[in-house]
Amino acid sequence: MKELKEPKIITQIPGPKSQALLEIREKNVPSGVSSYVPTFIKQGQGALFEDVDGNVFLDFAGGIGVLNIGYSHKEVVKAVKEQCDKYFHTSINVVSYEQYVRLAEKLNNLIPGNFEKKTMFVNSGAEAVENAIKIARKYTKRKEIIAFTGAFHGRTLLTMTLTSKVKPYKFGFEPFAQGVHRIEFPYIYRRPKGISEQNSINYYIQKLEKFFLENVAPENVAAIILEPIQGEGGFIVPPDNYIRELRNICDRHGILLIADEVQSGFCRTGKVFATEYWEEFGVYADIVTSAKSIAAGLPLSAVTGKAEIMEAAQVGGIGGTYCGNPVATTAALKVIEVMERENYAQKANHIAEIAMKRFNEMKEKYEIIGDIRGRGAMMAIELVKNKDTQEPAKKETNKVLQECWKNGLVVLSAGVRGNNIRFLMPLIITDQQLNIGLDILENAIKRVTDHNI
Ligand SMILES: Cc1ncc(COP(=O)(O)O)c(C=O)c1O
């Protein structure tokens, strides 16, 4: 295998081999399964991948936040290969295996909260959220669930209902699941005009209090679910004081607080879990869902919660055939071992230091960058047509992204308005690669703004 060091584009994108495969894709795969960069991967290493035509891309998307440890980490590959030689599957519901219980024990220790916890495994982020909601309803004996504007929790019936962006996630897929309600997320950059940042926290809390008066009595609410940092919504960090107040409201009314750490978990934010930032001011979630970077790309997700809550589901009521697959749980144990040993949380902070400095310089230079935000290496920039009006620059965002991949950088958009660029680079990226990627990004922004491409 060729060693990959930096991005290098040697053909038009798509190259001839990718083009041939794209034709097969188009003929055989529904276009509802979206496609982004028109290329086919041949191999991945660290923060880079090579396509079938020999082009090398730098990956700031990380398979949508799944590759915090990078492509094909040698130690994970070795652990997986060894496990494959032994057995692929048995099902925890039939015969137990050590890696399932060891990983549960590990997550119970890692997830914030000085109380007894239990963990179950499923296969995807959406499934983890589904199970968290099932368990919360069973435990509280209540039906209603509150989610937020801008939220993304998945594409299954229940999680699509919890998800807030209508197009493309919900449009035409009605009827939705029952008992889901929505309140406004504290999106400080887009708070109502005339309200200061500090007062906006009261504004958003009052909206929730009003919701209880006008829509659903709090004693009927089983859980409030939120992402500690909104992912698909645009990497929006809710203020600490808002979280503190939200926890108080939950405690007052016996409502469970579910933190969806599917995108923010496993060192992305400069902590192993983003809810560790809550821990600093004494707030804990009752249930935490995690997935994505947990197993370096093998399908695995987890629901971790207070033991008493997790015990609410009856025997056989939660789980499934493939849940907590032996190969995936083996990979996860190795991922966590490497992340702890090599301090991946610190790597995320190091990336943030370099990237945030560059983003701030770019914000000074380019009218199109309206906001910069994030925690650790969960960073985004929001593109606007005008800094004062904050009119979303969706078309320009897409052009910047296209300019990026044409020049060897894969990076994704986010946000209900589609005008955020989010950064999910593998945390093992080198400083040199990071700077190359930021140069490609800046050149793309410059070309789109200067030349109105
Ligand atoms: C916060 C959050 N929850 C849930 C999901 C759904 O995960 P999956 O696509 O694995 O079902 C995602 C996926 O992006 C997510 O970011």
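Quantities reported herein were computed from a predicted structural model and do not represent experimental measurements.

Caption draft 1: Examining the sheet that holds strand 6 (residues 180-183) more closely. Read across the open sheet, the seven strands follow the order 4-10-9-8-7-5-6; overall the sheet is mixed. In this open sheet, the two edge strands, each paired with only one partner strand, are strand 4 (117-122) and strand 6. For this sheet the average axis-to-axis angle between neighbouring strands, irrespective of direction, equals 20°. Its contacts with the sheet place helix 4 (residues 98-110) against strand 4, strand 9 (287-290) and strand 10 (301-306), and it is angled at close to 130° to strand 4.

Caption draft 2: Inspection of the domain arrangement of the protein at higher detail. Domain annotation of the protein identifies domain 1 (1-59 + 402-413 + 430-453) and domain 2 (75-341). With centres defined by C-alpha atoms, the gap from domain 1 to domain 2 works out at 31 Å.

Caption draft 3: Looking closely at the packing of aromatic side chains. Scanning all chains against the criterion turns up 14 aromatic pairs. On the numbers, 6.2 Å between centres and 55° between planes, the contact of F49 with Y71 is tilted. Of this pair, F49 sits in strand 2 (residues 48-51) while Y71 sits in the loop between helix 2 (62-65) and helix 3 (74-86), and the two are 22 residues apart along the sequence. Ring centres of F60 and F423 lie 6.2 Å apart, and the angle between their planes is 75°; this geometry places the pair in the edge-to-face category. Within this pair, whereas F60 is found in the loop between strand 3 (56-59) and helix 2, its partner F423 is found in strand 15 (residues 420-423), the two being separated by 363 residues in sequence.

Caption draft 4: The nonpolar core, seen in detail. Judged by nonpolar contacts, the single largest core of 127 residues is most densely connected at F60, F359, M379, I381, F423 and L441. The greatest single-element share of this core, amounting to ten residues, is contributed by helix 12 (residues 344-365). Each of two domains, domain 1 (1-59 + 402-413 + 430-453) and domain 2 (75-341), supplies a minimum of three residues to this core. Contacts of M379, omitting those with residues within four sequence positions, involve F235, I351, A352, A355, M356, F359, R373, G374, I421, R422, F423 and M425. The next biggest cluster of nonpolar side chains, apart from the first, holds ten residues, and it includes F49, A61, V410 and L412.

Caption draft 5: Up close: the environment of G265. On the secondary structure map, G265 appears in the loop between strand 8 (256-260) and helix 9 (275-279). Through-space distance from the C-alpha of G265 to that of T275 is 8.7 Å; in sequence the pair is ten residues apart. Those residues in contact with G265 that lie beyond four places of it in its chain are N68, V272 and F273.

Parameters at a glance
Each chain has its residues counted from 1, following the order in which its sequence is written. Local features in this predicted model are restricted to residues whose pLDDT is 70 or higher, and side-chain atom pairs enter the listing and the counts only when it is 80 or higher, whereas totals over whole chains, interfaces and linings include all residues. Hydrogens are left out, water is left out, and the side-chain values use all remaining heavy atoms of the structure. At least two bridges found by DSSP between two strands are what make those strands a pair. Segments assigned H or I by DSSP are reported as helices when at least four residues long, segments assigned E as strands when at least two residues long, and all are numbered from the N terminus. Each axis is a line fitted through C-alpha atoms, taken for helices only over the stretch in contact, and angles between the N-to-C directions span 0 to 180 degrees. Residues are treated as being in contact if the distance between any of their heavy atoms lies within 4.5 Å. For the domains described, the bounds stem from an automatic or database domain assignment. Between 30 and 60 degrees the pair is tilted, below 30 it is stacked and above 60 it is edge-to-face, where a pair is any two Phe, Tyr or Trp rings, Trp via its six-membered ring, whose centres lie within 6.5 Å. The term nonpolar core refers to a set of buried residues drawn from Ala, Val, Leu, Ile, Met, Phe, Trp, Tyr and Cys, joined through side-chain atoms within 4.5 Å. For the exposure calls, accessible area comes from a 1.4 Å probe over protein chains only, and a residue counts as buried if that area is under 20% of its type's maximum, exposed if over 50%, partly exposed in between.

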